[in-house]
Amino acid sequence: TACDEGPATIGSRLEAVGVANSEEIRRQYRQMLFESPGAAECLSAAILDPETLYQKSSTDGKLFPAKLSELGIVPGVKPHLKVYALPGQGESTVMQGLDSLAVRCKEYYDAGCKFTKWRSPITIDLAAGQPSDLVIQANMQDLARFALISQAEGLVPIIEPDVSLSGD
């Protein structure tokens, strides 16, 4: 399951239904997902936001990666930072976070993660001439570097070229 929304993304979803966005509410929500009866029968793995790695279950005080492992759910993490526009390429983007990825991957491995997932958003917009060769090359090189760094730190990389259509 993907439960890797950052605090702002999950917060907007919580607030949309009248629930306050706080770290404790986000922790409770994720605990409900992980520990609901029968959840482990339906989930084989969970992609976590880095915030979730250091939150604990109120049931037994275990950190969520340890709790997930105990339940037979493989814990992983979303290590990329923010999306930003690639200069000179209109609205086309790449992800930030490769420069400090090795340090973060070691930390995530030590926290109990077994895999990482990197999202690389690419928009097809023929009218805007996107994606350009530069956009494709930059994103694919980033995905390859992500995979190499993750493997070097003992984590299995999941690569997600997130392609969407826009325009005509």
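The structure contained in this document is the topic of the report that follows. The shown structure was predicted, so the numbers you read here are calculated from the model rather than taken from an experiment.

All right, on to helix α7 (residues 133–152) then. Given a rise of 1.5 Å per residue, 20 residues ought to cover 28 Å, and the 28 Å separating the end C-alpha atoms of α7 matches this to within 8%. Where α7 is concerned, the buried positions are Val 135, Ala 138, Asn 139, Asp 142, Leu 143, Phe 146, Ala 147, Ile 149 and Ser 150. The elements touched by buried residues of α7 are β5 (93–95), α6 (101–110), β6 (115–124) and β7 (156–165). Gly 154 occupies a position one or two residues after α7 and carries a positive phi of about 85°.

Once that is clear, we can look at the pairing of strand β3 (residues 74–77). Sheet topology note: the strand β2 (residues 45–48)/β3 ladder contains 4 bridges and is parallel. Looking at the pairing, Ile 47 lines up with Gly 76 of β3. Taken together, the 2 bridges between β3 and β6 define a ladder with parallel strand orientation. In the strand pairing of β6, Val 77 is matched with Thr 116.

Any covalent bond linking the sulfur atoms of two cysteines counts as a disulfide. Scanning all chains against the criterion turns up 0 disulfides. Left without a disulfide partner, Cys 42 is nearest to the cysteine sulfur of Cys 3, which lies 14 Å away. With no disulfide of its own, Cys 105 lies 9.3 Å from the sulfur of Cys 113, the closest cysteine sulfur.

As a further point, take the nonpolar core. Membership of the largest hydrophobic core comes to 20 residues, with the highest contact counts inside it found for Phe 34, Ala 46, Leu 48, Leu 101 and Trp 118. If you list the elements that add at least two residues to this core, you get β2, α5 (64–70), α6 and α7.

Right, let's talk about the pairing of β6 for a bit. With 7 of 10 residues buried, β6 lies mostly within the body of the structure. Following the chain from β6 across α7 to the adjacent parallel β7, one finds a crossover that is right-handed.

Attention now moves to α6. Those residues of α6 not exposed but buried are Leu 101, Arg 104, Cys 105 and Tyr 108. Down the axis of α6, the buried side of the element spans an arc of 100°, and every buried residue falls inside it. Facing away from the buried side of α6 by more than 90 degrees, the exposed set consists of Val 103 and Asp 110. Phi turns positive one or two residues past the end of α6, at Gly 112, with a value near 110°.

With respect to the secondary-structure elements, Asp 4 resides in the loop between β1 (2–3) and α1 (7–16). Judged by relative accessible area, Asp 4 falls into the buried class, the value being 11%.

Following the criterion strictly, the structure yields 12 salt bridges and no others. In this structure, the salt-bridge partner of Asp 110 is Lys 106, at a minimum N-O distance of 3.0 Å. Here Asp 110 pairs with Lys 106, and both are found in helix α6, just 4 residues apart, close to one helical turn. Overlapping salt bridges bring together Asp 60, Lys 62, Lys 67 and Glu 70 as one network.

Here is what the cut-offs are and how they apply
- Residues numbered from 1 in each chain as written.
- Predicted model: local features only at pLDDT ≥ 70, side-chain atom pairs only at ≥ 80, totals over all residues.
- Heavy atoms only, no water.
- Helix = DSSP H or I, 4+ residues; strand = E, 2+ residues; numbered from the N terminus.
- Expected span 1.5 Å × (residues − 1).
- Buried < 20%, exposed > 50% of the residue type's maximum accessible area, 1.4 Å probe, protein only.
- Contact = heavy atoms within 4.5 Å.
- Pairing = 2+ DSSP bridges.
- Disulfide = S-S within 2.5 Å.
- Core = buried A, V, L, I, M, F, W, Y, C linked by side-chain atoms within 4.5 Å.
- Right-handed = clockwise from strand over helix to strand, strands pointing away.
- Arc of directions from axis to C-beta.
- Salt bridge = Lys/Arg side-chain N within 4 Å of Asp/Glu carboxyl O.

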